[in-house]
Amino acid sequence: MPPEPSPDRTPETVLYGLTILLSAFLSFQVQPLIAKLILPWFGGAAAVWTTCLLFFQVALLLGYLYAHGLIRHFSARQQTRIHVALLAASLLALPILPNAAWKSAAAGEPVLRVLILLTMTVGAPYVMLASTSPLLQAWYARERREADPYRLYALSNAGSLLALLSYPVLVEPFFSTHGQAIDWSVAYALACLASAGVALLRRPLARIDAPQGAPAKTPWAVRWLWLALPACGTALLLAVTNHLSQNVAAIPLLWVVPLSLYLLSFVLCFEGRGWYRRNFFLRLLAVALGGMAYALQSALANLSLIVLIPLFCLGLFVACMVCHGELARLKPHPSQLTSFYLMVSLGGALGGVFVGVIAPHIFSGYFELPVALGACAILVLAALHRDPESTFYRARWRPAWLAVVGIALLLNLGLIVAVHDQIGDARVMVRNFYGVLREIDIKGPQPSTSQPGTSNPAAAQLARRQLLNGTIQHGLEFLTPDRRRLPTAYYGPYSGAGLAIRVAAERGPLRVGV
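None of these values were measured; they are calculated from a predicted model.

Student: Would you mind going over the overall build of the protein with me for this structure?
Tutor: From N to C terminus, the protein includes 16 helices and four strands. Classification of the 514 residues of the protein by burial places 50% in the buried group. In the protein, of all internal contacts separated by at least 6 residues, the share reaching a separation of at least 24 is 76%.

Structure (structure tokens):
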């Protein structure tokens, strides 16, 4: 007689996997799609994308919360009925075309308006997509106790990564945004059918009680790490994305790169084949955090893009590999699967709230990146300190452990100095939804052979005040009274505006509005 199929190769398992893959794919196809649709409505600012990421992190949390509550409090038959009913109700939100009435017409920060718009447009479908992976994994674990449900989580992140990478290459160049929204809505209806099919076809004897042999509840010291590690990863993702978009290069779709690396780290860490090698990645982490901290110095702000973009993207990937690798080492027995995912999604939402909501109101500059880098170093120390299997745990007060602690403290000290220098260089530094403006004074060049007390009139003539948005100079004026009214920068005599004004002035006096 033919051999029985492996638990990971049965038709039911394939249906579980394809449904999770499709749902994850659609959940990350809709993110760049909806962001592109509303971006022009809110000034085209990079912060619109950060706000969208915040929304999707919170919606992910709601989806995981729903899955956790459904599994914990309802019988198998009730779970099926509730899930199918909510899937059907979410179809009422289709098609996902935002109403133009939500366009921002007033001055000020449009964060709340963006969040409400996204909630009304894609809120219900996205929450149902977000719930698919933890809910189906929980069903799978209860029906096939010998299988590893966490590999389905890696599959989910692989689907998300595939969606993200395919969007700028295969979707965005060839389809209008209106057509993309309609096609996505059709695909979402198919995903609802697949998810409803899994719910209706799964084994009717599945129970909500814990699988046999389940261990005692995980201690809260570990649960806090379930929360803190993904929070740090998400904060690093958003902070690096902000830094690249605002201070390094305003390149369209550049945010795809850090988000892809973030998802790739989840895939590798939860796939189950040991891609995360702790000792190797810890050494890389020290280099990555140190390199990113060093590059935050004001003197290095104008380094070449071919240096800064790979430095921060690879640094983010290494940091996320460590955060998510340590998280994967802490994953619990499948009986606590939905609780684990709920804490992970809550941590991700908290990291997003910190960068997207709190940081713009408490920091005058983009200081969330130094905070996230320093927190990453301290958090990894905490994870190593409590792990009995770690060589660091067994040698907590030996020179190697003290050296690691010293490196983390030096990193945080260096970040504090870098932030202090940025604040100290600026006469004024203010921040809003659209960016950070700094006003700095620059002295003229000093001759290397000048004697103490020797005046330098030429240097004084070149002393100037600049207005900067990130590393971009938006205004300049000389500080000496005789040169203060000279047009400079965009309006200098040989700039586009300067040439236009000069030609127009030949016809007589001008009235100029700037």
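From this point, things continue past the structure.
Student: What is the right way to look at the packing of helix H9 (residues 278-295) against helix H10 (residues 305-329) in this model?
Tutor: Relative to each other, H9 and H10 sit at 140°, their axes nearing to 9 Å. Classed by the angle they form, the pair H9 and H10 counts as oblique. Relative to H10, the crossing made by H9 is left-handed. Mapping the contact onto sequence places Arg-278, Phe-281, Leu-282, Leu-284, Leu-285, Ala-288, Gly-291, Met-292 and Ala-295 in H9 and Leu-308, Leu-311, Phe-312, Gly-315, Leu-316, Val-318, Ala-319, Met-321, Val-322, Glu-326 and Arg-329 in H10.

Student: Any chance you could explain the side chain of His-83 here in plain terms?
Tutor: Mapping His-83 onto the fold places it in helix H3 (residues 76-90). Overall, the relative accessible area of 0% leaves His-83 in the buried class. Among the polar contacts listed, one links the side chain of His-83 to the side chain of Tyr-66, at a separation of 2.8 Å. In this structure, His-83 is in contact with Tyr-66, Leu-70, Met-128, Ser-131, Leu-135, Trp-139 and Ser-195, ignoring residues within four places of it in sequence.

Student: Hey, could you run me through the packing of aromatic side chains in this one?
Tutor: Both the distance between ring centres and the angle between the ring planes are used here to describe each pair of aromatic rings. Under the criterion given, the structure shown has 21 aromatic pairs. Ring centres of Tyr-153 and Phe-266 lie 5.8 Å apart, and the angle between their planes is 80°; on these two criteria the pair is classed as edge-to-face. Placement of Tyr-153 in helix H5 (residues 150-171) and of Phe-266 in helix H8 (residues 256-270) is noted, with a sequence separation of 113 residues between them. Assessed through its relative accessible area of 5%, Phe-266 is described here as buried. Both rings, one in Phe-354 and one in Phe-363, keep their centres 6.4 Å apart while their planes meet at 85°; by these two values the pair is edge-to-face. Following the ring pairs from residue to residue traces out a cluster consisting of Tyr-64, Tyr-150, Tyr-153, Trp-226, Tyr-262, Phe-266, Phe-270, Phe-340 and Tyr-341. One Lys or Arg, Arg-223, reaches over the ring of Trp-220 and ends 5.4 Å from the middle of that ring. Across from the ring centre of Tyr-150, 5.7 Å away, lies the NZ or CZ of Lys-331, which sits over that ring.

Student: Would you explain the nonpolar core in this entry?
Tutor: Nonpolar side chains tend toward joint burial in soluble globular proteins. Counting 133 residues, the largest nonpolar core has Ile-38, Leu-236, Phe-270, Phe-312 and Cys-376 as its most contacted members. Broken down by element, this core gets its largest block of residues, 15 residues, from helix H4 (residues 111-143). Of all hydrophobic cores here, the second largest spans eight residues; its members include Phe-367, Val-419, Met-429 and Ile-440.

Student: Explain the pattern of salt bridges here, please?
Tutor: Where charged atoms from two side chains of opposite charge come close, those side chains can pair. Summed over the entire model, instances satisfying the criterion amount to six salt bridges. We note a salt bridge from Lys-36 to Glu-172, for which the minimum N-O separation is 2.8 Å. With Lys-36 in helix H1 (residues 11-38) and Glu-172 in the loop between H5 and helix H6 (177-201), the pair connects residues that are 136 residues apart, well separated along the chain. Residues participating in the shared-partner salt-bridge network are Arg-427, Glu-439, Asp-441 and Arg-465.

Student: Help me understand helix H11 (residues 337-362), please; the structure alone is not making it clear to me.
Tutor: Residues spaced three or four apart along an α-helix point in a common direction, a consequence of the helix completing one turn every 3.6 residues. The first and last C-alpha atoms of H11 sit 36 Å apart over 26 residues, in line with the 38 Å expected at 1.5 Å per residue. Within H11, the axis deviates most sharply at Phe-354, by approximately 35°. Burial analysis of H11 places 19 of its 26 residues in the buried class, the great majority of the element.

Student: Whenever I open this one, the state of the cysteines confuses me. Can you help?
Tutor: Cysteine pairs can be linked by a disulfide, which is a covalent bond between their two sulfur atoms. Counted according to the given criterion, the structure contains zero disulfides. For the unlinked cysteine Cys-269, the closest cysteine sulfur is that of Cys-320, found at 9.1 Å. Here Cys-269 falls in the buried class, since its relative accessible area comes to 10%. Free cysteine Cys-323: the closest other cysteine sulfur is in Cys-232, separated by 4.1 Å.

Student: Sorry, what's going on with the sheet that holds strand S4 (residues 472-478) here?
Tutor: Sheet strands pair via backbone hydrogen bonds, and the direction of the pair is either parallel or antiparallel. In spatial order, the strands read S1-S2-S3-S4; together these four strands make up an open sheet with antiparallel pairing. On the outer flanks of this sheet lie strand S1 (426-432) and S4, each paired with one strand and no other. Between one strand axis and the next, the sheet turns through 15° on average, direction left out of account. Pairing of strand S3 (residues 464-469) with S4, which is carried by six bridges, proceeds in the antiparallel orientation. In the sheet register, Arg-465 faces S4, and the bridge partner there is Glu-477.

Student: Help me understand empty space enclosed by the protein in this model?
Tutor: Left-over empty space is what a probe sized like a water molecule reveals as it rolls over the atoms. A full pass over the atoms with the stated rule returns three cavities of 30 Å³ or more. For the largest cavity, the lining is made up of 31 residues, of which Phe-28, Leu-60, Tyr-64, Asn-157 and Leu-263 are closest to its centre. Among the elements that take part in the lining of the largest cavity, H1 stands out by supplying six residues, more than any other. Here the lining of the largest cavity is composed, by residue class, of 19 nonpolar, twelve polar and no charged. There is about 140 Å³ of room inside the second largest cavity. What lines the second largest cavity is a set of 16 residues, among which Ala-47, Gly-356, Pro-360, Arg-431 and Phe-433 lie closest to the centre.

Conventions used here
Residues numbered from 1 in each chain as written. Predicted model: local features only at pLDDT ≥ 70, side-chain atom pairs only at ≥ 80, totals over all residues. Heavy atoms only, no water. Helix = DSSP H or I, 4+ residues; strand = E, 2+ residues; numbered from the N terminus. Buried < 20%, exposed > 50% of the residue type's maximum accessible area, 1.4 Å probe, protein only. Contact = heavy atoms within 4.5 Å. Axes fitted to C-alpha atoms, helices over the stretch in contact; angles between N-to-C directions. Parallel < 35°, antiparallel > 145°, perpendicular 65-115°, else oblique. Left-handed = near helix turned anticlockwise from the far one by under 90°. Polar contact = N/O pair within 3.5 Å; in protein donor to acceptor, adjacent residues only side chain to side chain. Phe/Tyr/Trp six-rings, centres within 6.5 Å; stacked < 30°, edge-to-face > 60°. Lys NZ or Arg CZ within 6 Å of the ring centre and 35° of its normal. Core = buried A, V, L, I, M, F, W, Y, C linked by side-chain atoms within 4.5 Å. Salt bridge = Lys/Arg side-chain N within 4 Å of Asp/Glu carboxyl O. Expected span 1.5 Å × (residues − 1). Bend = angle between axes of the 7 residues up to and from the residue. Disulfide = S-S within 2.5 Å. Pairing = 2+ DSSP bridges. 1 Å grid on protein atoms, 1.4 Å probe; cavity = no way out; pocket = protein on both sides within 12 Å on 5 of 7 lines; lining within 4 Å. Points joined across faces, edges and corners; volume = space filled by probe spheres on them. Nonpolar A, V, L, I, M, F, W, Y, C, P; charged D, E, K, R; others polar.

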